[in-house]
Amino acid sequence: MVYMYVGIAGALGAISRYFIGITFMTNSVFPWTTLIVNLVGSYLLAWLTTSLFNRISVSPIIATAISTGYVGSFTTFSTLSVETIELFENKHYLLGVLYILVSIIGGLVMSRLGFKGSKEVDSTC
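Presented here is a report on the structure given in the accompanying data block.

## Examining the side chain of S103
Looking at the element boundaries, S103 is found in helix 5 (residues 93–124). Among residues more than four places away in sequence, those in contact with S103 are L35, L39 and L80.

Here it is, written out as structure tokens:
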């Protein structure tokens, strides 16, 4: 049963990711949309797993569907990888390195903020 829920949530996450991609499409060489989606996803996953799922009663199946299915398909490491290679192949070396650094460091910072934000919410409840 968990596979069905993860699949449905994954489809919704992928649709959300696609919608954001076409809504905020730019002519920029730098892949802003993927970066923002991945940073938001890093925050969201940390916040969900440390705050929301601990504060409200969510079955483990639903928690897995949301975190692995929805957030996992909403964020996209494979797109980050392909876009980085495209930047390098088009001789945008500095942008490629910047993209990698901002994605990794930014993802860690956003995850940390998600954990921290969840603790602040828990202390006010």
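## Some thoughts on helix 3 (residues 60–74)
The terminal C-alpha atoms of helix 3 lie 20 Å apart, and with 15 residues this matches the ideal 21 Å at 1.5 Å per residue to within 8%. If you check which residues of helix 3 are buried, you get A63, A65, S67, G69, V71 and F74. On its buried face, helix 3 is in contact with helix 1 (2–23) and helix 2 (32–55).

## Remarks on the environment of G69
Within the fold, G69 resides in helix 3. Each C-alpha atom of the pair G69 and L101 lies 26 Å from the other, and the pair is 32 residues apart in sequence. Contacts of G69, omitting those with residues within four sequence positions, involve V6, A9, G10 and T64.

## Topic: the nonpolar core
As a rule of thumb, nonpolar side chains are buried together in soluble globular proteins. Of all hydrophobic cores here, the largest spans six residues; its members are F30, L35, L39, L80, L87 and Y99. Elements supplying a minimum of two residues to this core: helix 2 and helix 4 (77–89). Beyond its immediate sequence surroundings of up to four residues, L80 is in contact with T34, N38, Y99 and S103.

Scoring rules and cut-offs
Residues take numbers from 1 onward in each chain, read along the sequence in its written order. Residue-level local features of this predicted model are given only where pLDDT is at least 70; pairs of side-chain atoms are given and counted only at 80 or more, and the full residue set underlies all totals for whole chains, interfaces and linings. Based on all heavy atoms of the structure, the side-chain values leave hydrogens and waters out of the count. In DSSP terms, a helix is any run of H or I states spanning at least four residues, a strand is any run of E spanning at least two, and both are numbered starting from the N terminus. We call two residues contacting when some pair of their heavy atoms lies within 4.5 Å. To estimate how far a helix should reach, multiply one less than its number of residues by 1.5 Å. Here the term buried applies to any residue with accessible area under 20% of the maximum for its type, exposed to any over 50%, and partly exposed to those in between, with areas from a 1.4 Å probe on protein chains only. The term nonpolar core refers to a set of buried residues drawn from Ala, Val, Leu, Ile, Met, Phe, Trp, Tyr and Cys, joined through side-chain atoms within 4.5 Å.

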